[in-house]
Amino acid sequence: PKCQFYQTTGIHCPGCGATRAVMALLHGDVLLALRNNALLIVGGPLLAIYIVRQNRKPDFDPRATVRTVMIIVTVFVVFFVARNIPSPTSSPFAPVSTAK
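Residues numbered from 1 in each chain as written. Predicted model: local features only at pLDDT ≥ 70, side-chain atom pairs only at ≥ 80, totals over all residues. Heavy atoms only, no water.

### Digging into the side chain of Asn37
Relative to the assigned elements, Asn37 resides in helix H3 (residues 30-56). One polar contact links the side chain of Asn37 to the main-chain carbonyl oxygen of Pro14, over a distance of 2.9 Å. Looking at Asn37, its side chain comes within polar contact range of the main-chain nitrogen of Leu40, at 3.0 Å. When sequence neighbours within four positions are dropped, the list of residues in contact with Asn37 reads Pro14, Gly15, Cys16, Gly17, Ala18, Ala21, Phe79 and Arg83. (Helix = DSSP H or I, 4+ residues; strand = E, 2+ residues; numbered from the N terminus. Polar contact = N/O pair within 3.5 Å; in protein donor to acceptor, adjacent residues only side chain to side chain. Contact = heavy atoms within 4.5 Å.)

This is the structure in C-alpha cells:
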C-alpha cells in the first residue's frame, strides 16, 4: 500500500517504508529492513519490551506514562524531521525507493 501522506505531500512520514521493512526482515535482510524504516525495526521491539516490563510492575505511576508518551512523541518527531533532511529523496533515513 502506498503512503497517502507521501503521495499528497512528497514528505516521508515516520511510517513510510514500514511494510517494506517488515517484508525485508521476513526475508532475512536486516540491513534493508533498517534502511526502509529503522524506527520500526529498532524502536518496535524496544517499545514492546518496555510495555511488558511496565505491565509486570505492581505499582502504577501515571507520571511515568506521561513521560513515556512524551518521549515516544519526541522520537517520532525527530525521526520525521531526520528522514526528510536534506530532502525526502536524499536523506539517509528515507526509505529505499521502489520506483523503476
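Anyway, onward from the coordinates.
### Thoughts on the environment of Arg83
Mapped onto the elements of the fold, Arg83 is located in the segment after helix H4 (62-82). Given a relative accessible area of 0%, Arg83 falls into the buried group. Measuring from C-alpha to C-alpha, the distance between Arg83 and Asn37 comes to 9.6 Å, with 46 residues separating the pair along the chain. Among the polar contacts listed, one links the side chain of Arg83 to the backbone oxygen of Asn36, at a separation of 3.1 Å. (Buried < 20%, exposed > 50% of the residue type's maximum accessible area, 1.4 Å probe, protein only.)

### Structural notes on a nonpolar patch on the surface
Residues Leu25, Val30, Leu31, Leu34, Val42 and Leu46 make up a contiguous nonpolar surface patch of roughly 540 Å² in combined accessible area. At 5 residues, H3 tops the list of elements feeding residues into the nonpolar patch. Its place among the elements puts Leu25 in helix H2 (residues 18-26). In this structure Leu25 comes out as partly exposed when scored by relative accessible area, which is 39%. (Patch = residues over 30% accessible without salt bridge, like charges linked within 9 Å, V, L, I, M, F, W, Y side chains within 5 Å. Areas by Shrake-Rupley, 256 points an atom, 1.4 Å probe, with all protein chains shown as cover. Salt bridge = Lys/Arg side-chain N within 4 Å of Asp/Glu carboxyl O.)

### Focus on the confidence of the model for the protein
For the protein, per-residue confidence averages 88 on the pLDDT scale, and residues scoring 70 or more make up 96% of the total. Mean pLDDT across the elements of the protein ranges from a minimum in H4, with 89, to a maximum in H2, with 94. (pLDDT = per-residue confidence, 0-100.)

### Brief notes about the side chain of Asn84
Looking at the element boundaries, Asn84 is found in the segment after H4. In this structure the side chain of Asn84 is engaged in a polar contact, spanning 2.8 Å, whose partner is the backbone oxygen of His12. When neighbours within four sequence positions are excluded, Asn84 is seen to be in contact with Ile11, His12 and Ser91.

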